[in-house]
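Residue-level structure breakdown
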Amino acid sequence: QVHLVESGGGLVQAGGALKLSCAASISTLRLNDMGWYRQAPGKQRELVATISRGGSTKIADSVRGRFTISRDNSKNTVYLQMNSLKPEDSGVYYCNAQHRWVPGDYWGQGTQVIVSS
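Below or above, wherever it landed, is the structure these notes cover. (Residues numbered from 1 in each chain as written. Predicted model: local features only at pLDDT ≥ 70, side-chain atom pairs only at ≥ 80, totals over all residues. Heavy atoms only, no water.)

Okay, the pattern of salt bridges next. Taken as a whole and judged by the stated rule, the model has 4 salt bridges. One salt bridge connects glutamate 46 with arginine 38, and the closest N-O pair in it is separated by 2.7 Å. On the basis of relative accessible area, glutamate 46 is assigned to the partly exposed category, the value being 35%. Residue classification places arginine 38 among the buried positions, given a relative accessible area of 5%. When the shortest N-O distance is used, the salt bridge between arginine 38 and aspartate 89 registers 2.9 Å. With arginine 38 in strand 4 (residues 31-39) and aspartate 89 in the loop between strand 8 (77-82) and strand 9 (91-99), the pair connects residues that are 51 residues apart, well separated along the chain. Under the relative-accessibility criterion, aspartate 89 is labelled buried at 1%. Each of Arg38, Glu46, Arg66 and Asp89 takes part in one network of salt bridges that share partners. (Salt bridge = Lys/Arg side-chain N within 4 Å of Asp/Glu carboxyl O. Buried < 20%, exposed > 50% of the residue type's maximum accessible area, 1.4 Å probe, protein only. Helix = DSSP H or I, 4+ residues; strand = E, 2+ residues; numbered from the N terminus.)

Set out below in structure tokens:
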């Protein structure tokens, strides 16, 4: 079992920045891809960014150039640095992880991000 705990969400004005953190209950060296997804009210959950165990990243077109995903395996934590935030970035941000040997996805409880115009 993997527990993921997100933090760092909040209310910010458009153009501002937030940094989300996701702490895993096990060593992230035992996890393959980790990532961030978001869900706005009335919309489907969508991929924001992922990072592999080796550090390769994938970034959604909608946030490329503004968001950066990183991973610190020594702290068992993945981060999402969000700059130049827009109101359309608002939503609940969820951390996701895939175990190296146990099939299935693990999710955190989510952290709310609200960007005011």
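Don't stop here, the text continues.
Next up on the list: the environment of threonine 50. Inspection of the secondary structure puts threonine 50 in strand 5 (residues 46-51). On the basis of relative accessibility, which here comes to 10%, the residue threonine 50 falls in the buried class. Separated by 64 residues in the primary sequence, threonine 50 and isoleucine 114 place their C-alpha atoms 21 Å from one another.

Here the focus is the side chain of threonine 77. Examined against the element boundaries, threonine 77 turns out to sit in strand 8. Within the local environment of threonine 77, its side chain forms a polar contact with the backbone oxygen of lysine 75, the two atoms lying 2.8 Å apart. In this view, threonine 77 contacts Ser21, Cys22, Ala23, Thr28, Ser70, Arg71 and Asp72; residues no more than four positions away in its chain are not counted. (Polar contact = N/O pair within 3.5 Å; in protein donor to acceptor, adjacent residues only side chain to side chain. Contact = heavy atoms within 4.5 Å.)

This part covers the nonpolar core. One finds Leu4, Trp36, Leu80, Met82 and Tyr93 to be the most contacted residues of the largest nonpolar core, which totals 29 residues. At the level of elements, strand 3 (18-24), strand 4, strand 5, strand 7 (67-72), strand 8, strand 9 and strand 11 (111-116) are the ones that each hand at least two residues to this core. A per-element tally of this core places strand 3 first, with 4 residues. Excluding residues within four positions of it along the chain, tyrosine 93 makes contact with Glu6, Leu20, Trp36, Tyr37, Arg38, Val48, Phe67, Leu80, Met82, Gly110, Thr111 and Val113. (Core = buried A, V, L, I, M, F, W, Y, C linked by side-chain atoms within 4.5 Å.)

Here the focus is the sheet that holds strand 1 (residues 4-7). Taken in spatial order, the 4 strands of this open sheet run 1-3-8-7, and their pairing is antiparallel. In the strand order of this sheet, the two ends are held by strand 1 and strand 7, each with one partner. Adjacent strand axes in the sheet meet at a mean angle of 15 degrees, parallel and antiparallel pairs treated alike. Inspection of the sheet shows strand 3 paired to strand 8 by 6 bridges, in the antiparallel sense. Its bridge partner lying in strand 8, leucine 18 is registered against methionine 82. (Pairing = 2+ DSSP bridges. Axes fitted to C-alpha atoms, helices over the stretch in contact; angles between N-to-C directions.)

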